[in-house]
Amino acid sequence: MNQPILIDRDGHRTWLKWHRARRRADDPVFTGERIIEAMRLGASIEVDLVIHADHGCAVLHDLTLERETTGTGRVRDTSAATLRQLRLRDNDGQPIDAKVMLLEDLCALLAEGAVHPDALLQLDFKEDRQALTPQVVAGFSDSIAPLVGAMILSGGDFDAIATLATSVPDLKTGYDPCEDETLAQLQKDGNFSGFIEQALATAPAAGMIYVDYQIILAAEDAGVDIIAPIHAAGRRVDAWTINSVTPQSIEQVKRLLRLKVDQITTDDPEGLAEVFSR
C-alpha cells in the first residue's frame, strides 16, 4: 500500500494517523525510516516530544528512558549526546538498531528529501508551560521553521503550545483537552457539550481538537454529537487511539466514520485501511 492511508466514506475523508510513527501494528515507535516514509507519501503521522538536559526536545513519549530506549533515568537529566547514543526498543522491549532522535535530528533528516505537500507531522508536546525555557523555545523554532508548513504542534497544556507556536510564524496548532479522569467524569455528569465548549474556548487558535475516541462514542450513546460543534467552529477532530484491528475496534471505527471525524489515530493504520477497502 503506497498511497497515504485514509478512508473516504459518504463524501467525507478521514485520515488514519500513524500513531508514534507506526504504519503497522508490529512497527517499533519513532524510527526515522517510518517518519521519512510517511512524509514522502503524504500521510498524517505523530511523534512525541519531551525535554532533555540540554534544553532541547527528544523524540520520545515517556519522561523516563527505560521503556522506550536502552537508557535509564529521566530524559530531563540526560544530555543530548547521551540520548543520541541510545537505541530504541521494539514492542517486546528488545533493542533495535534505530537510535533515539532529537527534534533537530529529525528535522535535518526530513530536509534531506522531498516532503509531500499533503504530509502532516504532529509534534505532540508531552510537557507543560513551566517546563519551557528560552533555550527550549529557541531550539524548537530553529529546528522546525524550515518545515513549518508540514507540521502541527499539539499538547494538553495550550499555554505551552501557544508559547512555542508564537516563536514559529504560521505553525498550525492543536489541543487535547482529555485527561485520565475525563471520560469517567463525563459519564457521571453527562456534560459532553460543556466539555467541548470549554475546549474550544481554551484553545481558540487550535485548528485540530484531539479527543479520546471513547469520549466521542460515549457522547453519542448519551445522545450528544460532539463532532458537530467542533466542525461548526471551523476546527477539525482527531479521535485517538485505536490500538489494534479487532471486531470491536472495527465497529468503533464505523461509528467514528458516521460521525465524520477528520482523523483517527491508530497503531495499525495500514491494517485498518485494508479492512475498510474491502
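Conventions used here
- Residues numbered from 1 in each chain as written.
- Predicted model: local features only at pLDDT ≥ 70, side-chain atom pairs only at ≥ 80, totals over all residues.
- Heavy atoms only, no water.
- Disulfide = S-S within 2.5 Å.
- Buried < 20%, exposed > 50% of the residue type's maximum accessible area, 1.4 Å probe, protein only.
- Helix = DSSP H or I, 4+ residues; strand = E, 2+ residues; numbered from the N terminus.
- Pairing = 2+ DSSP bridges.
- Salt bridge = Lys/Arg side-chain N within 4 Å of Asp/Glu carboxyl O.
- Contact = heavy atoms within 4.5 Å.
- Axes fitted to C-alpha atoms, helices over the stretch in contact; angles between N-to-C directions.
- Parallel < 35°, antiparallel > 145°, perpendicular 65-115°, else oblique.
- Nonpolar A, V, L, I, M, F, W, Y, C, P; charged D, E, K, R; others polar.
- Expected span 1.5 Å × (residues − 1).
- Core = buried A, V, L, I, M, F, W, Y, C linked by side-chain atoms within 4.5 Å.

J.: Quick one: what's the story with the state of the cysteines, residue by residue and with numbers?
T.: Evaluated as defined, the whole model comprises zero disulfides. Its sulfur unpaired, Cys57 is 10 Å from the next cysteine sulfur, which belongs to Cys107. Assessed through its relative accessible area of 4%, Cys57 is described here as buried.

J.: Outline the pairing of strand β12 (residues 263–266), supporting the account with residue identities and numerical values.
T.: Every second residue of β12 is oriented toward a common face, with Gln263 and Thr265 on one face and Ile264 and Thr266 on the other, all of them buried. Examined bridge by bridge, strand β2 (residues 12–18) and β12 share four bridges and lie parallel to one another. By the bridge assignment, Trp18 is partnered in β12 with Thr266. As paired elements, strand β11 (residues 236–242) and β12 share three bridges and run parallel to each other. Looking at β12, one finds that Ile242 is bridged to Thr266.

J.: Go over the environment of Gly11 with me, naming the residues and quoting the values.
T.: Topologically, Gly11 is positioned in the loop between β1 (6–9) and β2. Residue classification places Gly11 among the exposed positions, given a relative accessible area of 89%. For the pair Gly11 and Pro229, spaced 218 residues apart in sequence, the C-alpha to C-alpha distance is 19 Å.

J.: A description of the pattern of salt bridges should follow, citing residues and the corresponding values.
T.: The final tally for this structure, using the stated rule, is 18 salt bridges. Measuring nitrogen to oxygen at the nearest pair gives 3.9 Å for the salt bridge that ties Asp48 to Arg20. Residue Asp48 is found in strand β3 (residues 44–51), and its partner Arg20 is found in the loop between β2 and α1 (32–41); the two are separated by 28 residues along the sequence. You can call Arg20 buried: its relative accessible area is 15%. One salt-bridge network, held together by shared partners, links Arg23, Arg24, Asp27, Arg34, Glu37 and Glu270.

J.: Could you give an account of the environment of Leu259, with specific residues and numbers?
T.: Looking at the element boundaries, Leu259 is found in the loop between α10 (247–258) and β12. Note on Leu259: relative accessible area 12%, which makes it buried. Linking Leu259 and Gly223, residues 36 residues apart in sequence, is a C-alpha distance of 12 Å. Residues contacting Leu259, with those up to four places away along its chain left out, are Ile216, Leu217, Glu220, Asp225 and Ile227.

J.: Break down the packing of α10 against helix α11 (residues 269–276) for me, citing the residues and quoting the values.
T.: Helix packing geometry: the angle between the two helix axes and the distance between the axes. Where α10 contacts α11, the two axes come as close as 12 Å, and the packing angle between them is 75°. For the element pair α10 / α11, the angle class is roughly perpendicular. Contacts between α10 and α11 involve Ile250, Val253, Lys254 and Leu257 from the former and Leu272, Val275 and Phe276 from the latter. Broken down by class, the residue content of the contact of α10 with α11 amounts to six nonpolar, no polar and one charged.

J.: Describe unusual backbone geometry, with residues and values.
T.: Residue Thr241 is reached from Trp240 by a cis peptide bond, and omega for that bond is -20°. On the secondary structure map, Thr241 appears in strand β11. A positive phi angle, near 65°, is found at Ala21, a position not held by glycine. Mapped onto the secondary structure, Ala21 falls in the loop between β2 and α1. Even without being a glycine, Phe30 presents a positive backbone phi close to 60°. For Phe30, the position within the fold is in the loop between β2 and α1.

J.: Give a description of α10 that names residues and reports values.
T.: Taking 1.5 Å as the rise per residue, α10 with 12 residues should run 16 Å; its terminal C-alpha atoms sit 17 Å apart, in good agreement. For α10, the full list of buried residues reads Ser249, Ile250, Gln252, Val253, Arg255, Leu256 and Leu257. Lys260 sits one or two residues past α10 and shows a positive phi near 65°.

J.: Describe the nonpolar core, and please don't skip the residues or the numbers.
T.: General note: in soluble globular proteins, nonpolar side chains tend to be found buried as a group. Within the largest apolar cluster, 94 residues are counted, with the highest numbers of intra-cluster contacts made by Leu123, Phe125, Phe140 and Ile216. If sequence neighbours within four positions are ignored, Phe140 has contacts with Leu49, Leu103, Leu123, Leu153, Leu164, Ser167, Val168 and Leu171.

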